[in-house]
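# Topology and contacts: notes
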Number of protein chains: 2
Amino acid sequence: MTQQGIEPVEVVGTGLIGTSVALACRRAGVEVLLSDAEHGHVRTASGLGAGRARTESDEPRLVVVAVPPDHLGEAIRAALDAAGPQTVVTDVGSVKTAPLEAVAGHPRLSRYVGSHPMAGSERSGPLAASASLFDGRPWAICPGSDAASDAERAVERLVEVCGAVPVRLSPAEHDRAVARTSHVPHLLAALVAGTLTGAAPEHLALSGQGVRDVTRIAGGDPVLYSQIIGGNKHAVIDVLGEIRQRLDLALEALESGRRVELESLLMHGVTGTLAIPGKHGGPPRPTAAVHVALPDHPGELARLFGDVGEIGVNIEDVRIDHDPGRPVGLVELDVAAESADVLRDALESRGWDSHR
Amino acid sequence: MTQQGIEPVEVVGTGLIGTSVALACRRAGVEVLLSDAEHGHVRTASGLGAGRARTESDEPRLVVVAVPPDHLGEAIRAALDAAGPQTVVTDVGSVKTAPLEAVAGHPRLSRYVGSHPMAGSERSGPLAASASLFDGRPWAICPGSDAASDAERAVERLVEVCGAVPVRLSPAEHDRAVARTSHVPHLLAALVAGTLTGAAPEHLALSGQGVRDVTRIAGGDPVLYSQIIGGNKHAVIDVLGEIRQRLDLALEALESGRRVELESLLMHGVTGTLAIPGKHGGPPRPTAAVHVALPDHPGELARLFGDVGEIGVNIEDVRIDHDPGRPVGLVELDVAAESADVLRDALESRGWDSHR
């Protein structure tokens, strides 16, 4: 086997994800071949240092299919048709059962292992790509029951080369997982955002950070997400059914004024937020927010973070709060719960207007 | 009239919001009297410099009722019962129709003007209070049809003293507005979060920033939110009905594979996200994200913001992305769309690993 056991890698589809995979491979010194139905994309990706255009005579060891969801099955099948007996084919699509079904019965089926990096951007195309897009992100590896073990290892090496964290799941389990953690949240964010369409401006003036957070991902490309969500319909329908059932319970509780039932639905949500794993893969750690008011221009943020750095408290998350009406930023610093008072006191002693 | 025309201000209920109102009044030099069923809370608030305990002989000019939602009507009625002919009574509750109905027919009804500051915290109690909690935030003023105009002006002065931005709405309009911008988003965030309860840890390992954002507010106190949402049931049921209808459309579109209908539901959501007003009350301005990878310890953030400050690009929002697996932070800097390339290039020339 050559270096990394996977080179040359061929990337089929040089959009955001494909070009990022190519750049990450190049960063690790792995040879990359590029293909795309749009030749302009290959030239752009190549110009970014993502590799060179594939020629007829090239023999890739690992083919990474990174085309839009609706074309995945067909592109994986084409890659298997062209594959040599040692070639491994993977894809980076958002669903994993449908592409596997699309290649069922293929004579080279054992050479296919689907995968899914949990990373993206609100932008698309090769110009939005980055070698570091996958650094530290989960990357699901989802072998079908016919997959060869050396094919799985090759995909695992790709994940390592890209700096991501492999998470092994069966294709069906993967699709159930992303229905719950990604597709249904996206769809519900869109339904909530939809209720704002056409609302009176003076009503929308009361929008706070909460509704902005709930609806943020609803800004994503509707064509792409309808392919992703539509491509995982069985798992999405199951989770949507749970939501619909509890939505009806909420409506009944509201109509009949049964406050305790409403409370228990909300409590169920609190439990769910606590189930999401914390940063760095560990269990969720209690954090607390410290708010700081500051003039909304570049120098002040730098000064604030300079002070925070000197105080030496680690910031878990930052949010600049929206502030209709005046040029004052409200910065929320999330820190370990036990450090919040220390940080607030230290910031106040340095003249910052801070509160928890 | 005395200074500001509203003093002494009495604050009834010295929790987070009440004590913050008191501290903001004190910041402006306004005399504040404190009452609370829990005498300990008054002592705590008083110790924070929020004012002094009210005595029998005090005659407040403006009474601010800041008790939990389920006790609002009763507390506003008690304040009106005790009010002199010039006294004005307001409240800071999250719904505005129910408390007005609770005092319907009161002989002093013209002295009551409800209001609602759009500010809060995930914490509660006087120790979480801050004089700057309302700075730059919208604060709805919601006079009933019987309200006297001098009473409205007094509440407007309170909003100004607290540094907030007055937004005038009728009580019914207010309740419809917050059903849409706050209560329904909260309830749906809880329903989405609820589907994570009991999910397999290896499924939850695929959680990204999207589901964290959608579910963040679902972590709020279920008892408080069931009072708030339950107290606005008619408006909430209306908006929930819209969501339920579109949820059924989404289920039908998924089941029958009608992709275009799914796409149109998602497009409706995109339109909704664009309707939320931008920072500083202006129309939404197109922003773009610049991502920077950095070691997850205090000094690096300070160094990054130091460089951003020198580069001179204004940061609209900041997010530290979650990074299971390794001690690298991914910082998302949201900037005006036209500044994103400038910022990325300048950061890269300073040695940062950055991408859009």
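Please read these numbers as outputs of a predicted model, since none were measured by experiment.

## Brief notes about the sheet that holds strand E5 (residues 88–91) of chain B
All names here are of chain B. Taking strand neighbours across the sheet as the criterion, the five strands line up as E3-E2-E1-E4-E5 in an open arrangement whose pairing is parallel. Across the chains shown, the open sheet's two edge strands, defined by having one partner strand only, are strand E3 (52–53) and E5. Running over the sheet, helix H5 (residues 149–161) touches strand E4 (62–65) and E5 and is turned about 55° from E5.

## Some details on helix H13 (residues 340–349) of chain B
All names here are of chain B. Among all positions of H13, only Ala 340, Leu 343, Arg 344, Ala 346 and Leu 347 are buried. When H13 is viewed along its axis, its buried side chains cluster within an angular range of 170° and face the same direction. Where H13 ends, the next residue or the one after it, Gly 351, has phi of about 90°, a positive value.

## Side note on the pairing of strand E1 (residues 9–12) of chain A
Residues and elements named next belong to chain A. Residues Val 9 and Val 11 point to one face of E1 and Glu 10 and Val 12 to the other, with burial holding for every one of them. Relative to strand E4 (residues 62–65), E1 runs parallel, the two sharing four bridges. Looking at the pairing, Val 11 lines up with Val 64 of E4. Assessed by its sense of winding, the connection that carries the chain from E1 through helix H1 (residues 16–27) to strand E2 (residues 32–35) is right-handed.

## Things to note about the sheet that holds strand E7 (residues 138–143) of chain A
Residues and elements named next belong to chain A. If you trace the three strands from one edge of the open sheet to the other, you get E6-E7-E8, paired in mixed fashion. On the outer flanks of this sheet lie strand E6 (113–117) and strand E8 (165–168), each paired with one strand and no other. Going across the sheet, the axis of each strand differs from the next one's by a mean of 25°, ignoring polarity. Direction of pairing for E6 relative to E7: antiparallel, over a ladder of five bridges. Across the sheet, residue Gly 114 finds its bridge partner in E7, namely Cys 142. Most of the contacts of helix H5 (residues 149–161) go to E7, to which it runs at about 170°, and overall it touches E6, E7 and E8. Against the sheet, helix H6 (residues 171–194) contacts E6 and E7, and its axis sits at roughly 145° relative to E7.

## Some points on the interface of chain B and chain A
Quoted interface sizes are often the accessible area lost when the parts come together. Each partner contributes to the interface: chain B provides 131 residues, whereas chain A provides 132 residues. Taking both sides of the interface into account, the surface hidden between chain B and chain A amounts to around 12100 Å²; carbon and sulfur atoms contribute 65%. In this structure, Asp 70 of chain B engages Arg 259 of chain A in a salt bridge whose closest nitrogen and oxygen atoms are separated by 3.1 Å. For the interface between chain B and chain A, the tally reads 21 residue pairs in polar contact (both at pLDDT 80 or more). When residues in the side of chain B that touches chain A are grouped by element, the largest group, 17 residues, is from helix H6 (residues 171–194) of chain B. Looking at the side of chain B that touches chain A, its residues break down into 62 nonpolar, 38 polar and 31 charged.

## With respect to the relation of the copies chain B and chain A
For these two chains of identical sequence, chain B goes onto chain A by a turn of 180° and a shift of 0.0 Å along the axis, with RMSD 0.0 Å. The operation mapping one copy onto its partner corresponds to a two-fold rotation axis. Residues of chain B ranked by C-alpha distance from the rotation axis are headed by Val 214 of chain B, positioned 2.0 Å from it. Both copies present the same face, since 100% of the interface residues in chain B are matched by interface residues at the equivalent positions in chain A.

## Points about helix H10 (residues 233–256) of chain B
The end-to-end C-alpha separation of H10 of chain B is 34 Å, in line with the 34 Å expected for 24 residues at 1.5 Å each. The complete set of buried residues in H10 of chain B reads Ala 235, Val 236, Ile 237, Val 239, Leu 240, Ile 243, Leu 247, Asp 248, Ala 250, Leu 251, Ala 253 and Leu 254 of chain B. Looking at the buried side of H10 of chain B, the elements it contacts are H6, helix H9 (222–230) and helix H10 (233–256) of chain A together with H6, helix H9 (222–230) and helix H11 (259–275) of chain B. Looking one or two residues beyond H10 of chain B, the residue adopting positive phi is Gly 257 of chain B, at roughly 70°.

## Here we look at the packing of aromatic side chains
Under the criterion given, the structure shown has two aromatic pairs over all chains. Aromatic pair Phe 134 of chain A and Trp 139 of chain A: ring centres 5.1 Å apart, planes at 50°, arrangement tilted.

## Observations regarding the nonpolar core
Leu 187, Leu 188 and Leu 240 of chain A together with Leu 187, Leu 188 and Leu 240 of chain B are the most contacted members of the largest nonpolar core, which has 54 residues in total. Every element with two or more residues in this core is listed here: H6, H10 and helix H11 (259–275) of chain A together with H6, H10 and H11 of chain B. Not counting residues within four places of it along the chain, the set of residues in contact with Leu 240 of chain A comprises Val 184, Leu 187 and Leu 188 of chain A together with Leu 247, Leu 251 and Leu 254 of chain B.

## Some words on the packing of H6 of chain B against H10 of chain B
All names here are of chain B. Running from N to C, H6 and H10 point in directions that differ by 60°, and their axes come no closer than 9 Å. Between H6 and H10, the interaxial angle falls into the category oblique. Crossing of H6 against H10: the hand is right-handed. For the pair H6 and H10, contact is made by Asp 175, Arg 176, Ala 179, Arg 180, His 183, Val 184, Leu 187 and Leu 188 and by Ala 235, Val 236, Val 239, Leu 240, Glu 242 and Ile 243, respectively.

## What about the packing of H6 of chain A against H9 of chain A?
Residues and elements named next belong to chain A. Contact pair H6 / H9: the axes reach a minimum separation of 10 Å and the direction vectors enclose 130°. Relative to H9, H6 is oriented oblique. Along this stretch, H6 crosses H9, giving a crossing that reads as left-handed. The segment H6 lies against H9, with His 183, His 186 and Leu 187 engaging Tyr 225, Ile 228 and Ile 229.

## Focus on the environment of Val 318 of chain A
Checked against the element boundaries, Val 318 of chain A lands in strand E10 (residues 315–321). Separated by 13 residues in the primary sequence, Val 318 of chain A and Val 331 of chain A place their C-alpha atoms 7.1 Å from one another. Once you skip the residues sitting within four places of it in the chain, Val 318 of chain A turns out to touch Phe 305, Val 331, Glu 332 and Leu 333 of chain A together with Val 318, Arg 319 and Ile 320 of chain B.

## Concerning the environment of His 116 of chain B
Residue and element names in this part refer to chain B. Within the secondary structure, His 116 sits in strand E6 (residues 113–117). Residues His 116 and Gln 86, 30 residues apart in the sequence, show an inter-C-alpha distance of 22 Å. Each residue touching His 116, except ones within four places of it in the same chain, is listed here: Asp 91, Val 92, Gly 93, Ser 94, Lys 96, Pro 138, Trp 139, Ala 140, His 174 and Val 178.

## Description of unusual backbone geometry
Excluding glycine, residues mostly have negative phi values, and the peptide bonds linking residues are mostly trans. With an omega dihedral of 0°, the bond running from Glu 7 of chain A to Pro 8 of chain A counts as a cis peptide bond. Tracing the sequence through the fold places Pro 8 of chain A in the segment before E1.

## Let's talk about the environment of Ala 128 of chain B
Residue and element names in this part refer to chain B. The topology assignment puts Ala 128 in the loop between E6 and strand E7 (138–143). Under the relative-accessibility criterion, Ala 128 is labelled buried at 1%. Residues Ala 128 and Ser 20, 108 residues apart in the sequence, show an inter-C-alpha distance of 8.4 Å.

## Some details on the domain arrangement of chain A
Domain assignment breaks chain A into domain 1 (3–169), domain 2 (175–275) and domain 3 (287–355). When each unit is reduced to the centre of its C-alpha atoms, the spacing between domain 2 of chain A and domain 3 of chain A is 30 Å.

## Side note on the pattern of salt bridges
Residue and element names in this part refer to chain A. A full pass over the atoms with the stated rule returns 30 salt bridges over all chains. When the shortest N-O distance is used, the salt bridge between Asp 135 and Arg 27 registers 3.0 Å. Taken together, the residues Asp 135 in the loop between E6 and E7 and Arg 27 in helix H1 connect sequence positions 108 residues apart. The class of Asp 135 is buried, set by a relative accessible area of 5%.

What counts, and at which threshold
- Residue positions are counted from 1 within each chain, in the order its sequence is given.
- In the order they appear in the text, chains get letters beginning with A and ligands get numbers beginning with 1.
- This being a predicted model, a pLDDT of at least 70 is required before a residue's local features are given, and a value of 80 or more before pairs of side-chain atoms are given or counted; all residues contribute to the totals for chains, interfaces and linings.
- Calculated side-chain values reflect all of the structure's heavy atoms, with hydrogen atoms and water omitted.
- When DSSP finds two or more bridges between a pair of strands, those strands are recorded as paired.
- Strands here are runs of E lasting at least two residues and helices are runs of H or I lasting at least four, both read from the DSSP assignment and numbered beginning at the N terminus.
- Contacts were defined at the residue level, with two residues in contact if any of their heavy atoms lie within 4.5 Å.
- Note on geometry: axes are lines fitted to C-alpha atoms, helical ones only across the stretch in contact, with angles between N-to-C directions running from 0 to 180 degrees.
- To sort residues, take the accessible area from a 1.4 Å probe on protein chains only and compare it with the maximum for the residue type: under 20% means buried, over 50% means exposed, and anything in between is partly exposed.
- Taking the helix axis as origin, the arc is that swept by the directions to the C-beta atoms.
- Place the viewer so that the strands point away; then a crossover is right-handed whenever the path from the first strand over the helix to the second strand goes clockwise.
- Here's the idea: put two parts together, see how much 1.4 Å probe accessible area each one loses, and the total over both is what we call buried area.
- We define a salt bridge as a contact between a side-chain nitrogen of Lys or Arg and a carboxyl oxygen of Asp or Glu at a distance within 4 Å.
- Under the rule applied, a polar contact is a pair of N or O atoms within 3.5 Å (in protein, one hydrogen donor and one hydrogen acceptor; residues adjacent in sequence only if both atoms are side-chain atoms).
- Under the grouping applied here, Gly and all other residues not named as nonpolar or charged are polar, the nonpolar ones being Ala, Val, Leu, Ile, Met, Phe, Trp, Tyr, Cys and Pro and the charged ones Asp, Glu, Lys and Arg.
- Least-squares superposition of the copies uses the C-alpha atoms of those residues scoring a pLDDT of at least 70 in each of them.
- Expected helix span is taken as 1.5 Å per residue step, with the number of steps being one fewer than the number of residues.
- What counts as a ring pair is set by centres within 6.5 Å for rings of Phe, Tyr and Trp (its six-membered ring), and what kind of pair is set by the plane angle: stacked under 30 degrees, edge-to-face over 60, tilted for all other angles.
- For the purposes of this section, nonpolar cores are sets of buried Ala, Val, Leu, Ile, Met, Phe, Trp, Tyr and Cys residues that join through side-chain atoms within 4.5 Å.
- Roughly parallel covers angles under 35 degrees, roughly antiparallel covers those over 145, roughly perpendicular covers 65 to 115, and oblique covers all other angles.
- The sense of a crossing depends on the near helix, which, turned anticlockwise from the far helix by less than a right angle, makes the crossing left-handed and, turned clockwise, makes it right-handed.
- Domain limits in this description derive from either an automatic procedure or a database domain assignment.

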